[in-house]
Amino acid sequence: VQLQASGGGLVQAGGSLRLSCSASGRTFSTYGMGWFRQAPGKEREFVAAIRWSGGNTYYADSVKGRFTISRDNGKNTVYLQMNSLKPEDTAMYYCAATSQHRPPEVLIRVQSWSYWGQGTQVTVSS
(Lines give C-alpha, C1' and ligand atoms only; values in the text may rest on other atoms or scores of the structure.)
Protein backbone atom coordinates (compact mmCIF):
# COMPACT_ATOMS: atom_id res chain seq x y z
CA VAL A 1 0.00 0.00 0.00
CA GLN A 2 1.29 3.44 -0.94
CA LEU A 3 -0.13 6.46 0.84
CA GLN A 4 -0.22 10.10 -0.24
CA ALA A 5 -1.34 12.72 2.27
CA SER A 6 -2.51 16.20 1.31
CA GLY A 7 -4.57 19.13 2.54
CA GLY A 8 -2.26 20.71 5.08
CA GLY A 9 -1.66 24.42 5.28
CA LEU A 10 -1.60 27.54 7.42
CA VAL A 11 -4.77 28.41 9.31
CA GLN A 12 -5.68 30.73 12.16
CA ALA A 13 -6.70 29.37 15.55
CA GLY A 14 -10.34 28.36 15.51
CA GLY A 15 -10.23 27.53 11.82
CA SER A 16 -10.66 24.24 9.99
CA LEU A 17 -8.75 22.03 7.60
CA ARG A 18 -9.50 18.71 5.96
CA LEU A 19 -6.65 16.32 5.33
CA SER A 20 -6.89 13.58 2.73
CA CYS A 21 -4.87 10.42 2.32
CA SER A 22 -5.10 8.54 -0.97
CA ALA A 23 -4.04 4.92 -1.06
CA SER A 24 -2.97 2.71 -3.90
CA GLY A 25 -3.92 -0.94 -4.12
CA ARG A 26 -7.13 -2.87 -4.48
CA THR A 27 -7.11 -4.02 -0.86
CA PHE A 28 -7.55 -0.57 0.69
CA SER A 29 -10.99 -1.48 1.98
CA THR A 30 -9.47 -4.23 4.13
CA TYR A 31 -6.98 -1.94 5.90
CA GLY A 32 -7.36 -0.03 9.09
CA MET A 33 -6.31 3.59 8.58
CA GLY A 34 -4.94 6.14 10.96
CA TRP A 35 -3.52 9.62 11.40
CA PHE A 36 -0.51 10.54 13.50
CA ARG A 37 1.29 13.83 13.98
CA GLN A 38 4.73 14.96 14.94
CA ALA A 39 5.73 18.39 16.15
CA PRO A 40 9.37 19.56 16.05
CA GLY A 41 11.36 18.01 18.86
CA LYS A 42 8.52 15.68 19.86
CA GLU A 43 7.68 12.07 19.27
CA ARG A 44 5.12 11.02 16.71
CA GLU A 45 1.74 10.70 18.40
CA PHE A 46 -1.55 9.07 17.61
CA VAL A 47 -4.40 11.28 16.44
CA ALA A 48 -7.19 9.07 15.10
CA ALA A 49 -7.94 5.68 13.55
CA ILE A 50 -10.76 4.01 11.67
CA ARG A 51 -11.53 0.35 11.05
CA TRP A 52 -11.73 -1.05 7.52
CA SER A 53 -15.52 -0.86 7.55
CA GLY A 54 -15.63 2.65 8.96
CA GLY A 55 -17.80 1.39 11.76
CA ASN A 56 -15.35 2.09 14.57
CA THR A 57 -13.30 5.19 15.11
CA TYR A 58 -10.81 6.13 17.82
CA TYR A 59 -9.36 9.47 18.84
CA ALA A 60 -6.68 10.89 21.05
CA ASP A 61 -8.18 12.78 23.97
CA SER A 62 -6.53 15.98 22.75
CA VAL A 63 -8.59 16.00 19.52
CA LYS A 64 -11.81 14.30 20.61
CA GLY A 65 -14.82 16.41 19.70
CA ARG A 66 -12.81 18.57 17.27
CA PHE A 67 -11.44 16.09 14.71
CA THR A 68 -13.36 13.51 12.69
CA ILE A 69 -11.84 10.63 10.75
CA SER A 70 -13.76 9.08 7.88
CA ARG A 71 -13.09 6.98 4.81
CA ASP A 72 -14.45 6.40 1.34
CA ASN A 73 -13.45 2.91 0.25
CA GLY A 74 -14.75 3.58 -3.25
CA LYS A 75 -12.17 6.36 -3.61
CA ASN A 76 -9.41 4.64 -1.61
CA THR A 77 -9.24 7.73 0.57
CA VAL A 78 -9.29 8.50 4.28
CA TYR A 79 -10.04 11.98 5.62
CA LEU A 80 -9.33 13.92 8.77
CA GLN A 81 -11.65 16.85 9.30
CA MET A 82 -10.07 19.20 11.81
CA ASN A 83 -12.20 21.91 13.40
CA SER A 84 -11.54 24.42 16.16
CA LEU A 85 -7.84 24.18 15.49
CA LYS A 86 -5.40 25.30 18.16
CA PRO A 87 -1.75 26.35 17.92
CA GLU A 88 -0.81 23.12 19.69
CA ASP A 89 -2.22 21.19 16.73
CA THR A 90 0.71 22.46 14.66
CA ALA A 91 2.64 19.45 13.38
CA MET A 92 3.44 17.28 10.40
CA TYR A 93 0.49 14.95 9.93
CA TYR A 94 1.03 11.42 8.65
CA CYS A 95 -1.48 8.87 7.48
CA ALA A 96 -0.86 5.19 8.14
CA ALA A 97 -2.32 1.83 7.26
CA THR A 98 -2.38 -1.61 8.80
CA SER A 99 -3.78 -4.94 7.65
CA GLN A 100 -3.87 -6.22 11.21
CA HIS A 101 -6.92 -5.97 13.43
CA ARG A 102 -5.63 -4.63 16.72
CA PRO A 103 -7.39 -3.31 19.82
CA PRO A 104 -7.51 0.46 20.31
CA GLU A 105 -4.84 0.48 23.03
CA VAL A 106 -2.44 -1.07 20.51
CA LEU A 107 -3.46 1.10 17.56
CA ILE A 108 -2.15 4.18 19.34
CA ARG A 109 1.40 2.85 19.00
CA VAL A 110 3.51 3.88 16.02
CA GLN A 111 4.85 0.31 15.76
CA SER A 112 1.37 -1.04 15.08
CA TRP A 113 1.24 0.51 11.62
CA SER A 114 2.96 -0.99 8.59
CA TYR A 115 2.56 1.68 5.93
CA TRP A 116 3.13 5.43 6.13
CA GLY A 117 2.51 8.41 3.91
CA GLN A 118 4.99 11.25 3.45
CA GLY A 119 3.26 13.75 5.73
CA THR A 120 1.49 17.06 5.25
CA GLN A 121 2.28 20.15 7.34
CA VAL A 122 -0.42 21.81 9.44
CA THR A 123 0.40 25.17 11.01
CA VAL A 124 -2.06 26.94 13.28
CA SER A 125 -1.33 30.56 14.10
CA SER A 126 -2.56 32.22 17.29
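Residues numbered from 1 in each chain as written. Predicted model: local features only at pLDDT ≥ 70, side-chain atom pairs only at ≥ 80, totals over all residues. Heavy atoms only, no water.

**Q** Just give me the short version of the environment of G14, but keep the residues and values in it.
**A** Along the chain, G14 turns up in the loop between β2 (9-12) and β3 (17-23). Separated by 43 residues in the primary sequence, G14 and T57 place their C-alpha atoms 23 Å from one another. Not counting chain neighbours up to four residues away, the residues in contact with G14 comprise S84 and L85. (Helix = DSSP H or I, 4+ residues; strand = E, 2+ residues; numbered from the N terminus. Contact = heavy atoms within 4.5 Å.)

**Q** Describe the sheet that holds strand β1 (residues 3-6), with residues and values.
**A** Each strand in a sheet pairs with its neighbour through backbone hydrogen bonds, running either in the same direction (parallel) or in the opposite one (antiparallel). Within the open sheet, the 4 strands sit side by side as β1-β3-β8-β7. Their pairing is antiparallel. In the strand order of this sheet, the two ends are held by β1 and β7 (67-72), each with one partner. Strand-to-strand, the axes of this sheet are offset by a mean angle of 15°, without reference to chain direction. Note that β3 and strand β8 (residues 77-82) share 6 bridges and pair antiparallel. Bridging across to β8, L17 finds its partner in M82. (Pairing = 2+ DSSP bridges. Axes fitted to C-alpha atoms, helices over the stretch in contact; angles between N-to-C directions.)

**Q** Tell me about the pairing of strand β9 (residues 91-98), and name the residues and values.
**A** Counting buried positions over the 8 residues of β9 gives 7, a clear majority of the element. Judged from the 7 bridges that link them, strand β4 (residues 32-38) and β9 form a sheet pairing that is antiparallel. Looking across to β9, one finds that G34 is bridged to A96. Bridge count for β9 against strand β11 (residues 120-125) is 3 bridges, and the pairing is antiparallel. Within β11, the residue paired with A91 across the bridge is V122. Examined bridge by bridge, β9 and strand β10 (residues 115-116) share 2 bridges and lie antiparallel to one another. Note that in β10 the partner of A96 across the bridge is W116. (Buried < 20%, exposed > 50% of the residue type's maximum accessible area, 1.4 Å probe, protein only.)

**Q** So what's going on with the packing of aromatic side chains? Which residues, and what values?
**A** Under the criterion given, the structure shown has 4 aromatic pairs. Aromatic side chains Y31 and Y115 sit 5.9 Å apart centroid to centroid with 70° between the ring planes, which places their arrangement in the edge-to-face category. With Y31 in the loop between β3 and β4 and Y115 in strand β10, the pair connects residues that are 84 residues apart, well separated along the chain. The exposure class assigned to Y31 is buried, which follows from its relative accessible area of 11%. (Phe/Tyr/Trp six-rings, centres within 6.5 Å; stacked < 30°, edge-to-face > 60°.)

Treat this as a map of the structure, not an account of what it does.
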